[in-house]
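Observations on the model geometry
Take a look at the letters that make up each chain.
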Amino acid sequence: LTPASGNPWAGRLRLALPQARAHGRSVGWAMSGRPRTLFSTLSARENQVVVRKLMATTGFMFTLPILTFFLVKYLAVHAGSPNGDMYGGFSAIFAANLVVAGYVIMAFREDQGEGEKQSKEGAGSAAVGPKVGIWKLQDNGKTD
């Protein structure tokens, strides 16, 4: 399945590029001639909101369980419990799970893109999901 060039994506890009060029759109780095780096992807304007949410969640994931552990351990030890470490550990695990659950809930509540709204409105209950990649380019080029 891998083309002779050794790049497994080369065959897929070969299929997508003519359609993208026909509609005057680019397919990521394939048309620009340079690969996108992680920094350039994260600093793109359309990704700024997502990056902010990811950084905030990362900060909470780092600090909240640690703070919870030491706070509960301190309170348990001063209350006379010999199991302060155990209570602190369980509370830190609970805090980490709260952060993950919050991130998942936040991801499900994100605004839908324009393409997702159109695909759900147009197809009714039969819509599987938004059209992406080649299929999105094909539909954008059609005039109905």
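Just above sits the structure.
A brief structural summary. Keep in mind that what you see is a predicted model, and the values were worked out from it rather than measured. (Residues numbered from 1 in each chain as written. Predicted model: local features only at pLDDT ≥ 70, side-chain atom pairs only at ≥ 80, totals over all residues. Heavy atoms only, no water.)

Attention shifts here to the packing of helix H4 (residues 48-78) against helix H5 (residues 84-108). One way to put it is that H4 packs onto H5 with a least axis distance of 7 Å and a crossing angle of 155°. When the interaxial angle is binned, H4 and H5 end up roughly antiparallel. For the pair H4 and H5, the crossing hand works out as right-handed. Here the contact of H4 with H5 is composed, by residue class, of 17 nonpolar, 6 polar and 3 charged. (Axes fitted to C-alpha atoms, helices over the stretch in contact; angles between N-to-C directions. Helix = DSSP H or I, 4+ residues; strand = E, 2+ residues; numbered from the N terminus. Parallel < 35°, antiparallel > 145°, perpendicular 65-115°, else oblique. Left-handed = near helix turned anticlockwise from the far one by under 90°. Nonpolar A, V, L, I, M, F, W, Y, C, P; charged D, E, K, R; others polar.)

For any two aromatic rings, the description comes down to two numbers: the centre-to-centre distance and the angle of the planes. Considering all chains together, one arrives at 1 aromatic pair under this definition. Between Phe69 and Phe70 the ring centres are 5.0 Å apart and the planes differ by 80°, which places this aromatic pair in the edge-to-face class. Residue classification places Phe69 among the partly exposed residues on the basis of a relative accessible area of 21%. (Phe/Tyr/Trp six-rings, centres within 6.5 Å; stacked < 30°, edge-to-face > 60°. Buried < 20%, exposed > 50% of the residue type's maximum accessible area, 1.4 Å probe, protein only.)

Moving on: H4. The first and last C-alpha atoms of H4 sit 44 Å apart over 31 residues, in line with the 45 Å expected at 1.5 Å per residue. The complete set of buried residues in H4 reads Val51, Thr57, Pro65, Thr68 and Ala76. For H4, the secondary structure elements touched by its buried residues are helix H3 (38-42) and H5. In the segment just after H4, Gly80 is the residue with positive phi, at about 95°. (Expected span 1.5 Å × (residues − 1). Contact = heavy atoms within 4.5 Å.)

The tally for this structure, following the rule as stated, stands at 1 salt bridge. Here Asp85 ties to Lys73 by a salt bridge, and the two come within 3.1 Å at their closest N and O atoms. Here Asp85, found in helix H5, pairs with Lys73, found in helix H4; they are 12 residues apart in sequence, far enough to count as distant. (Salt bridge = Lys/Arg side-chain N within 4 Å of Asp/Glu carboxyl O.)

Along the chain, Val51 turns up in helix H4. The exposure class of Val51 is buried, given its relative accessible area of 18%. Each C-alpha atom, one on Val51 and one on Thr41, is 10.0 Å from the other, the two residues being 10 residues apart in sequence.

Any functional reading would require information beyond the geometric quantities listed.
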